[in-house]
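# Observations on chain architecture
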Amino acid sequence: MKNPTYLKEAVQLAVDNVENKGGPFGAIITDKNGTIIGEGTNIVTKSNDPTAHAEIQAIRQACQAKQTFQLSDCILYTSCEPCPMCLGAIYWSRIEKVYYAADQKQAAAVGFDDAFIYEEIEKAPHERQIPFQEISLEERNQPFEEWNNKPDKIKY
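This write-up is about the structure you can find in this document. What you see is a predicted model; the values in this text were computed from it and never measured.

## Overview of the pairing of strand β4 (residues 97–102)
Two elements, strand β3 (residues 75–80) and β4, share 5 bridges in a ladder whose sense is parallel. For L76, the partnering residue across the bridge sits in β4 and is V98. Each parallel crossover has a hand, and for β3 linked through helix α4 (residues 84–93) to β4 it is right-handed.

The following block contains the structure:
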């Protein structure tokens, strides 16, 4: 359910966060009834945690509130188009829909440019700025075999 009020609240969270020495990003997650169950701001520099983006913070809070790792009946309102990391978290949490205010070009104009990450994803692992190299271990598939044979696994 689209609600501009929640988007305005996400933007205000971002503005307030800047005033409190945080990053210019805010996010709110609502459940299927329109109740806010998660909110977050960018606290990367405050927490020395590069994953502490507003959307990630809101997802963590919403999952705790719902006691589940899936938010399939929830909506995310965020002050800015999500970065690649947050995009991944949104898909992993199975959020139903995302509404955002500013786009990635507006974020890039003030120093939050994710274009290089999208470019890196397209490259072969060994051609990336941070080289990735597979090391073949005999037991490399053991975790997957254990998982596959586990009768009480929780699928996600």
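## Here's the deal with the pattern of salt bridges
Within this structure, the stated rule accounts for 4 salt bridges. Residue K123 pairs with E120 through a salt bridge whose shortest N-O separation is 2.8 Å. In this structure E120 comes out as buried when scored by relative accessible area, which is 11%. For D152, the salt bridge is made with K150, and the minimal N-O distance between the two is 3.0 Å. For D152, a relative accessible area of 54% gives the class exposed.

## Remarks on the packing of aromatic side chains
Counted by the stated rule, this structure contains 6 aromatic pairs. Measuring from ring centre to ring centre gives 5.3 Å for Y6 and Y77, while their planes differ by 50°; the resulting arrangement is tilted. Taken as a pair, Y6 in helix α1 (residues 4–19) and Y77 in strand β3 lie far apart in primary sequence, 71 residues in all. Relative accessible area serves as the criterion here: at 1%, Y77 is assigned to the buried category. Between R128 and the ring centre of F132, over which it is positioned, the NZ or CZ distance is 4.9 Å.

What counts and what doesn't
Residues numbered from 1 in each chain as written. Predicted model: local features only at pLDDT ≥ 70, side-chain atom pairs only at ≥ 80, totals over all residues. Heavy atoms only, no water. Pairing = 2+ DSSP bridges. Helix = DSSP H or I, 4+ residues; strand = E, 2+ residues; numbered from the N terminus. Right-handed = clockwise from strand over helix to strand, strands pointing away. Salt bridge = Lys/Arg side-chain N within 4 Å of Asp/Glu carboxyl O. Buried < 20%, exposed > 50% of the residue type's maximum accessible area, 1.4 Å probe, protein only. Phe/Tyr/Trp six-rings, centres within 6.5 Å; stacked < 30°, edge-to-face > 60°. Lys NZ or Arg CZ within 6 Å of the ring centre and 35° of its normal.

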